[in-house]
Amino acid sequence: MERVQYWVKEMLEAGQSNDDLNRVVRSIGQYLGADISLLFLGAPPHKGQQWVLHHGIDTRDFDFYLRHSRDDIYLQHYLGQSLSGSMIALQEMLPIKQINNSWFLEEMIPRMAVDYSISGIFPISDGKILSLSFHRYNQPFSYKSQQLMQQLLEMLAPWGQFFIARNTLENLYGSAPISRGMLKLPSTLTQAEHNVVSLLAQGYDGSEITAIRGVSKETTKSQIKSILHKTGCRHQNQLINQIYCGSEK
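Nothing here was measured: the structure is a model prediction, and the numbers come from that model. (Residues numbered from 1 in each chain as written. Predicted model: local features only at pLDDT ≥ 70, side-chain atom pairs only at ≥ 80, totals over all residues. Heavy atoms only, no water.)

A. The arrangement of the overall build of the chain in detail. Looking only at helices and strands, one finds eleven helices and five strands in the chain. Its C-alpha atoms give the chain principal-axis dimensions of roughly 70 × 35 × 30 Å. Counting the 249 residues in the chain, one finds 42% classified as buried. Long-range contacts, defined here as pairs at least 24 residues apart, represent 59% of the contacts in the chain between residues at least 6 apart. About 13,700 Å² of surface is accessible on the chain, with carbon and sulfur atoms providing 50% of the total. (Helix = DSSP H or I, 4+ residues; strand = E, 2+ residues; numbered from the N terminus. Buried < 20%, exposed > 50% of the residue type's maximum accessible area, 1.4 Å probe, protein only. Contact = heavy atoms within 4.5 Å. Areas by Shrake-Rupley, 256 points an atom, 1.4 Å probe, with all protein chains shown as cover.)

Here is the structure:
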């Protein structure tokens, strides 16, 4: 499996878990050599629901940027040049000597303190966007990293649509019970754990699930243990009984 496909699969398996999603974003940024990694999904800033994943940025600086994102000159220039769909080196797109906004020069740039930034926005359904941004302090990103960023931006767009649609449906109707089952799975289960439960319900054992999902035995054991803990079941047989019969523990 190609690297970018693997990342998208990880995002799918992370489900709606903010902690799991942030761990994937951290892993992606580390592979690309980024000091700061940001993934934004949802309505444009200040216009609706948003999800923001990040790694490597101080909480105060992160909050500062969110408050002033509409004043980001790089963002305004990117949108003004109709560059949506492309990952762009911001400092090359708009050299600092061409910026005449004193607040941005004196407040935003020193606060973020990064010299190399690659960012991109991909439009998705209903006016919502997906945005990726990777930053380095001391040296530019490699050409290979920039290629992977572009592929990732494009391949994450369907994931972004799915994420928003699933969030909307679960807010309206709650998390769906497993097919044919009686047990309503807890919202704390990750997407990967949902996948494991589905396979268990189909009669696969741990070794078969490991082979089907292409993960290690340790990963499958850890996920099953977590599932049992979150569902309050003592063992797998009790979990399967709950799924199909809905009997009391």
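B. Structural view of the sheet that holds strand 5 (residues 129-136). As summarised here, the arrangement of the five strands in space is 2-1-5-4-3, forming an open sheet in which the pairing is antiparallel. Sheet topology places strand 2 (50-55) and strand 3 (88-89) at the edges, where each strand pairs with a single neighbour. Two elements, strand 1 (residues 36-42) and strand 5, share seven bridges in a ladder whose sense is antiparallel. Each residue of the ladder has a partner; that of L38, found in strand 5, is S133. (Pairing = 2+ DSSP bridges.)

C. Layout of helix 2 (residues 18-32). Over its 15 residues, helix 2 extends 21 Å from the first C-alpha to the last, a length consistent with the 21 Å expected when each residue adds 1.5 Å. If you check which residues of helix 2 are buried, you get D20, L21, N22, V24, V25, I28, G29 and L32. Just downstream of helix 2 lies G33, where phi reads positive at about 80°. (Expected span 1.5 Å × (residues − 1).)

D. Main features of the pairing of strand 1. With seven of its seven residues buried, strand 1 lies for the most part within the structure. One ladder, built from six bridges, connects strand 1 with strand 2; its direction is antiparallel. Bridged to L39 within strand 2 is L53.

E. Summary view of the pattern of salt bridges. On inspection of all chains with the given rule, the structure shows four salt bridges. Here R23 makes a salt bridge to D20, at a shortest N to O gap of 2.1 Å. You can see R23 and its partner D20 sitting in helix 2, three residues apart, about one turn around the helix. For the salt bridge of K230 with E193, the shortest nitrogen-to-oxygen distance reads 2.9 Å. A residue pair is termed long-range when its members are at least 10 positions apart, and K230 in helix 10 (residues 217-231) and E193 in helix 8 (residues 191-201) qualify at 37 residues. Judged by relative accessible area, which is 28%, K230 ranks as partly exposed. (Salt bridge = Lys/Arg side-chain N within 4 Å of Asp/Glu carboxyl O.)

F. Representation of the environment of D58. Among the secondary structure elements, D58 is positioned in the loop between strand 2 and helix 3 (59-67). Separated by 22 residues in sequence, D58 and I36 have C-alpha atoms that sit 9.5 Å apart. In this structure the side chain of D58 is engaged in a polar contact, spanning 2.8 Å, whose partner is the backbone nitrogen of R60. (Polar contact = N/O pair within 3.5 Å; in protein donor to acceptor, adjacent residues only side chain to side chain.)

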